[in-house]
Amino acid sequence: MGLLSGLLGNASEVSGDKLDKLFSELLIEGEQIEKAYQLIRDLFVFTNKRLILVDKQGMTGKKIEFLSIPYSKITKFSRESAGHFDLDAELKIWVGSDPMPIAKEFRKTVNINEVYAVLSKYVLN
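Below is a short write-up of the structure. (Residues numbered from 1 in each chain as written. Predicted model: local features only at pLDDT ≥ 70, side-chain atom pairs only at ≥ 80, totals over all residues. Heavy atoms only, no water.)

### Overview of the overall build of the protein chain
Within the protein chain, the regular secondary structure consists of three helices and eight strands. A buried classification covers 36% of the 125 residues belonging to the protein chain. Considering only contacts in the protein chain between residues 6 or more positions apart, those separated by 24 or more positions represent 39%. Of the accessible surface of the protein chain, which amounts to about 7,800 Å², a share of 53% is contributed by carbon and sulfur atoms. (Helix = DSSP H or I, 4+ residues; strand = E, 2+ residues; numbered from the N terminus. Buried < 20%, exposed > 50% of the residue type's maximum accessible area, 1.4 Å probe, protein only. Contact = heavy atoms within 4.5 Å. Areas by Shrake-Rupley, 256 points an atom, 1.4 Å probe, with all protein chains shown as cover.)

The following block contains the structure:
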């Protein structure tokens, strides 16, 4: 992910050892990471059980907040595809009765339809 893209708030897909190490003690038995996206230092992680938002705080990023959202608490969600002049796709997720959605922008190189499909699979079941 390019620095400029990160500064603009765009997410890019991540996987591998970094995620395994970070989530080794957080995931319950049978829980697996489906998709993960990085936004500068923060992460947006979809597992087969929940959505986990990771907020790395401070100068060093050693202080980390993990916000776990069970899929059953997601009330609605939407996606906006990238256009010719707007190069980013956007995903919005509403949780509980909160009127403000959690919104993340994804670079055009990320297939927003895959993200939407994973979310649909778990929220609508």
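### Re the side chain of R50
Within the secondary structure, R50 is located in strand β4 (residues 50-57). For R50, the side chain forms a polar contact with the main-chain oxygen of L26, separated by 2.8 Å. The contacts of R50, once residues within four sequence positions are left out, are L26, L27, I28, E31, V45, S68, I69, P70 and Y71. (Polar contact = N/O pair within 3.5 Å; in protein donor to acceptor, adjacent residues only side chain to side chain.)

### Notes on the pattern of salt bridges
Counting across every chain of the model gives two salt bridges. Ionic pairing is found between R50 and E31, a salt bridge with its closest N-O pair at 2.7 Å. Taken as a pair, R50 in strand β4 and E31 in the loop between α2 (17-23) and β2 (33-39) lie far apart in primary sequence, 19 residues in all. Each member of the pair R50 and E31 is classed as buried. With a shortest N-O distance of 2.6 Å, E114 and K35 are connected by a salt bridge. In this pair, E114 sits in helix α3 (residues 112-123) while K35 sits in strand β2, placing the two residues 79 residues apart along the sequence. Of the residues examined, K35 reaches a relative accessible area of 16% and is grouped as buried. (Salt bridge = Lys/Arg side-chain N within 4 Å of Asp/Glu carboxyl O.)

### Quick look at the packing of aromatic side chains
Two numbers describe a pair of aromatic rings. These are the distance of the centres and the angle of the planes. Per the stated rule, a full pass over the model turns up four aromatic pairs. Taken together, a centroid distance of 5.2 Å and an interplanar angle of 15° make the contact between Y71 and Y122 stacked. With Y71 in the loop between β5 (63-70) and β6 (74-80) and Y122 in helix α3, this residue pair connects regions lying 51 residues apart in the sequence. Owing to a relative accessible area of 16%, Y122 belongs among the buried residues under this scheme. The ring of W94 has K76 lying over it, and the distance from NZ or CZ to the ring centre is 4.9 Å. The ring centre of Y116 lies 5.6 Å from the NZ or CZ of R79, which sits over that ring. (Phe/Tyr/Trp six-rings, centres within 6.5 Å; stacked < 30°, edge-to-face > 60°. Lys NZ or Arg CZ within 6 Å of the ring centre and 35° of its normal.)

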